[in-house]
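Spelled out from the first residue to the last, the chains are:
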Amino acid sequence: MGNQTEYSSPEVITFGESMGLFTAQDTRGLEYASTLSKSFGGAESNVAIGLARLGHRAGWFGRLGNDALGQMIYKAIRGEGVDVSRAQLSEGEATGLMIRENVPGKSSVHYYRKFSAASQMTPSDLDIDYISRAKILHVTGITAAISESSRETVLEAVRIAKQAGVLVSFDPNLRLKLWTLQEARPVLLSLAQEADYFLPGLDELKMLYEEENTDKILDRLKQLDAVSIVKGGPELTYVLQRGSVEEVPFVKADQVIDTVGAGDGFGAGFLSGVLQGLNPVEAAGIGSLTGSLMVQAVGDWEALPTAAEVKAKLSNAHHIER
C-alpha cells in the first residue's frame, strides 16, 4: 500500500490502470528502432494530472507492480500534485506496459498488460470513506475492460459514490483491443445510465447504439438522466441536458502535433468547469480549450495545460512559453 498520509480530501477521485510507455524514436517502426523514450500513460491518471494542473485537488489510485515502472509512475503522478495515498505497489505483480511506434501514415500501440497488477484490482481495494468524501468520481470503460474483477470494482465504486451523493463522471473510452463490442456494449450502456456526466465520443456512440444517424443518437441520449457531452461532432461538441441539445464550437488548435490524450484533456477541463460552478455548456467550452492545448505538444499527459495557460488563452493574453 502506498503512503497513507492524509491531506485535504480530493474534489475528484479516479482510478484505473497506468502503464509504462516506451515510444520508438525511429520512423521506420519498432523493428528498426535503436532507442525508446520512456514515460507512462493512463486515461484516469491523465485526467487526475490535468485537474491538478488546473488547480484542483485530485486523487488517483490503482494497483501498480512494485517494480521500476510502478515506482516511476507512482512518483511521477505524486509529483504532479495528485493524491496517490490509496494507490498500491504490489509485490509479485507486474506493471502494465505499452510500446508506441510512429511510422509514416499511422501510429500503433502494442499493449503488454495481461495479468498486470491493475487487472488484479478487486472491490476490496476500494476505500469507501475516501470515495464518499469526494465531489466527483470519474471512471472509464478501460478499467471495466481489463478484467472481470476490475469491472466489478468499477461497478462497486459507482454504487458507493451514488449512495454517498457523489457525482459520477463516466467516459466510455471504448477500446476494442481489450474486449469485443458485444462484451462492451451492455457494460458501458449500463454505466451511462448511472452517470451524472456522460462523456462519450460520437464515433463510440455510433458503435454502442448501432446507429449512424446523429439525430437519432442524440434522441437516445435524451433518455438518460445524465448530462451528456458528446465529443467529435462536425467541429463541435454536443451538450445534452434536460432534453435539450446545444452545440459548443471546437477551440481550434494552432497546430496539431499529437492527438493522444486529447479526450482526457477535454475531460479534465470539463470537470474543472463543473467544479468552478460553470454550467455544462460553459464547462464544455473549457474542455474544448484544454483539449486544444493538449494536442499542440507530444505526450499522453505532459502537454496538459496549467490554470495559468488556460486563463491566458481565455483572456487572449500574451503567449506563455510551454
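In this text, all values refer to a predicted model and were calculated from it rather than measured experimentally.

What the rule picks out here adds up to twelve salt bridges. Close ionic contact of Arg53 with Glu80 constitutes a salt bridge, the shortest N to O distance being 2.9 Å. Within this pair, whereas Arg53 is found in helix H1 (residues 43-53), its partner Glu80 is found in the loop between helix H2 (68-79) and strand E6 (88-90), the two being separated by 27 residues in sequence. Across the pair Arg63 and Asp125 runs a salt bridge, and its minimum N-O distance is 3.5 Å. Of this pair, Arg63 sits in strand E5 (residues 63-65) while Asp125 sits in the loop between strand E8 (106-112) and helix H3 (128-132); the two residues are 62 residues apart in sequence, bridging distant segments of the chain. Note on accessibility: Arg63 and Asp125 belong to one class, buried. Residues joined by salt bridges that share partners form a network here, namely Arg63, Glu93 and Asp125.

This part is about the nonpolar core. Formed by 43 residues in total, the largest nonpolar core has its most connected members in Phe15, Leu137, Trp179, Phe198 and Leu221. The leading source of residues in this core is helix H6 (residues 181-194), at six residues. Phe15 has contacts with Glu44, Trp60, Phe61, Met121, Leu137, His138, Val139, Thr143, Thr153, Val154 and Ala157, leaving out every residue within four places of it along the chain. Membership of the second largest hydrophobic core comes to 36 residues, among which are Phe40, Ala48, Val84 and Met294.

Procedures and definitions
Residues numbered from 1 in each chain as written. Predicted model: local features only at pLDDT ≥ 70, side-chain atom pairs only at ≥ 80, totals over all residues. Heavy atoms only, no water. Salt bridge = Lys/Arg side-chain N within 4 Å of Asp/Glu carboxyl O. Helix = DSSP H or I, 4+ residues; strand = E, 2+ residues; numbered from the N terminus. Buried < 20%, exposed > 50% of the residue type's maximum accessible area, 1.4 Å probe, protein only. Core = buried A, V, L, I, M, F, W, Y, C linked by side-chain atoms within 4.5 Å. Contact = heavy atoms within 4.5 Å.

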